[in-house]
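# A structural walkthrough
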Protein chains: 2
Amino acid sequence: METELLGYAAGILTTFAFLPQAFRMIRTRQARDVSMTWAASTTAGVFLWLCYGVAKQSLPMISANSLTLLLLFVILFVKIRDRGNPGS
Amino acid sequence: METELLGYAAGILTTFAFLPQAFRMIRTRQARDVSMTWAASTTAGVFLWLCYGVAKQSLPMISANSLTLLLLFVILFVKIRDRGNPGS
């Protein structure tokens, strides 16, 4: 039980650290700050961490990685749409 | 065993995605790209994920988070040193 609390605290810290960047990209609808390589490999990696969390039946890993994955999908969407617009 | 491979693949993807930014900051010795809030909360969060991995005896989590933590310490060091230099 204490171990799970540790995991939730970890998930809250790493997910919340990621929120300002995600929100800025969503608000400005620009994704120049991050590279496509970063966005694609992080999305793939977080998806695999989510699968690992499901396999390990770890609720902290499942919840933190699900939320991060959701934000990454929005960033990827902004990033892909941004590609055709060199002026942005 | 297959579950651990999934974890290693996840760790390789998320850690490698982080490498270019870490190396750029180490090379340029500038850390303007990231905020102190991000650096501090990510470092605390990754440290807790490492503790969680130790408690869960998960080798993929221990190895991935150790490497990321090491890079974050370098970034934090650059960031703290950079604070006193407004021109950089």
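About the cut-offs
Residues numbered from 1 in each chain as written. Chains lettered and ligands numbered in written order. Predicted model: local features only at pLDDT ≥ 70, side-chain atom pairs only at ≥ 80, totals over all residues. Heavy atoms only, no water. Helix = DSSP H or I, 4+ residues; strand = E, 2+ residues; numbered from the N terminus. Buried < 20%, exposed > 50% of the residue type's maximum accessible area, 1.4 Å probe, protein only. Contact = heavy atoms within 4.5 Å. Areas by Shrake-Rupley, 256 points an atom, 1.4 Å probe, with all protein chains shown as cover. Least-squares fit on C-alpha atoms with pLDDT ≥ 70 in both. Salt bridge = Lys/Arg side-chain N within 4 Å of Asp/Glu carboxyl O. Phe/Tyr/Trp six-rings, centres within 6.5 Å; stacked < 30°, edge-to-face > 60°. Buried area = accessible area lost by both parts, 1.4 Å probe. Polar contact = N/O pair within 3.5 Å; in protein donor to acceptor, adjacent residues only side chain to side chain. Nonpolar A, V, L, I, M, F, W, Y, C, P; charged D, E, K, R; others polar. UniProt positions renumbered as here; feature names shortened; annotations may be inferred.

Further remarks concern the overall build of chain A. Of the regular secondary structure elements, chain A holds three helices and zero strands. Secondary structure of chain A in N-to-C order comes out as α-α-α. By the burial criterion, 44% of the 88 residues in chain A qualify as buried. Partitioning the intrachain contacts of chain A with sequence separation of at least 6 by distance along the chain shows that 70% fall at a separation of at least 24. Carbon together with sulfur atoms contributes 66% to the accessible area of chain A, which is approximately 4,900 Å² in total.

Negative phi is the rule for most residues except glycine; trans is the rule for most peptide bonds. The phi dihedral of A:Gln57 is positive, around 50°, even though this residue is not glycine. When its relative accessible area of 70% is taken as the criterion, A:Gln57 is described as exposed.

The subject of this paragraph is the relation of the copies chain B and chain A. A rotation about an axis combined with a shift along that same axis relates the two copies of the chain. At an RMSD of 0.0 Å, chain B and chain A line up after a rotation of 180° and a shift of 0.0 Å along the axis. Here the two chains are linked by the operation of a two-fold rotation axis. Most of the interface of chain B is mirrored in chain A, where 100% of its interface residues are also at the interface.

Let us now look at the pattern of salt bridges. This model, assessed by the stated rule, comprises two salt bridges over all chains. Across the pair B:Lys56 and A:Glu4 runs a salt bridge, and its minimum N-O distance is 3.0 Å. In this pair, B:Lys56 is assigned in the loop between helix 2 (36-55) and helix 3 (59-82) and A:Glu4 in helix 1 (residues 2-28), connecting two distinct chains.

Two aromatic rings, taken as a pair, are described by how far apart their centres are and by the angle between their planes. All names here are of chain B. Counting across every chain of the model gives four aromatic pairs over all chains. Geometrically, the ring pair formed by Phe18 and Trp38 is tilted, given 6.2 Å between the ring centres and 45° between the ring planes. With a gap of 20 residues between them, Phe18 in helix 1 (residues 2-28) and Trp38 in helix 2 connect regions that are remote in the sequence. Judged by its relative accessible area of 10%, Phe18 is buried. The buried category is assigned to Trp38, whose relative accessible area is 17%. Relative to Tyr52, the ring of Trp49 lies with its centre 5.7 Å away and its plane at 80°, an arrangement referred to as edge-to-face.

Before going further, it helps to spend a moment on the interface of chain B and chain A. Facing 26 residues of chain B, the contacting portion of chain A comprises 26 residues. Buried area between chain B and chain A, both sides added, is near 2,200 Å², and the carbon and sulfur share of it is 76%. Linking chain B with chain A are two salt bridges. Summed over the shared surface of chain B and chain A, the result is eight residue pairs in polar contact (both at pLDDT 80 or more). Elements that contribute at least two residues to the side of chain B that touches chain A include exactly helix 1, helix 2 and helix 3 of chain B. Ranked by the residues each element gives to the side of chain B that touches chain A, the list is headed by helix 2 of chain B, at 11 residues. Residues that form the side of chain B that touches chain A fall into these classes: 16 nonpolar, eight polar and two charged.

Residues annotated by UniProt as "transmembrane region" (unreviewed entry) correspond here to residues 6-23, 35-55 and 61-78 of chain A. The annotated region residues 6-23 of chain A carries 100% helix and 0% strand content, and the separation between its end C-alpha atoms amounts to 26 Å.

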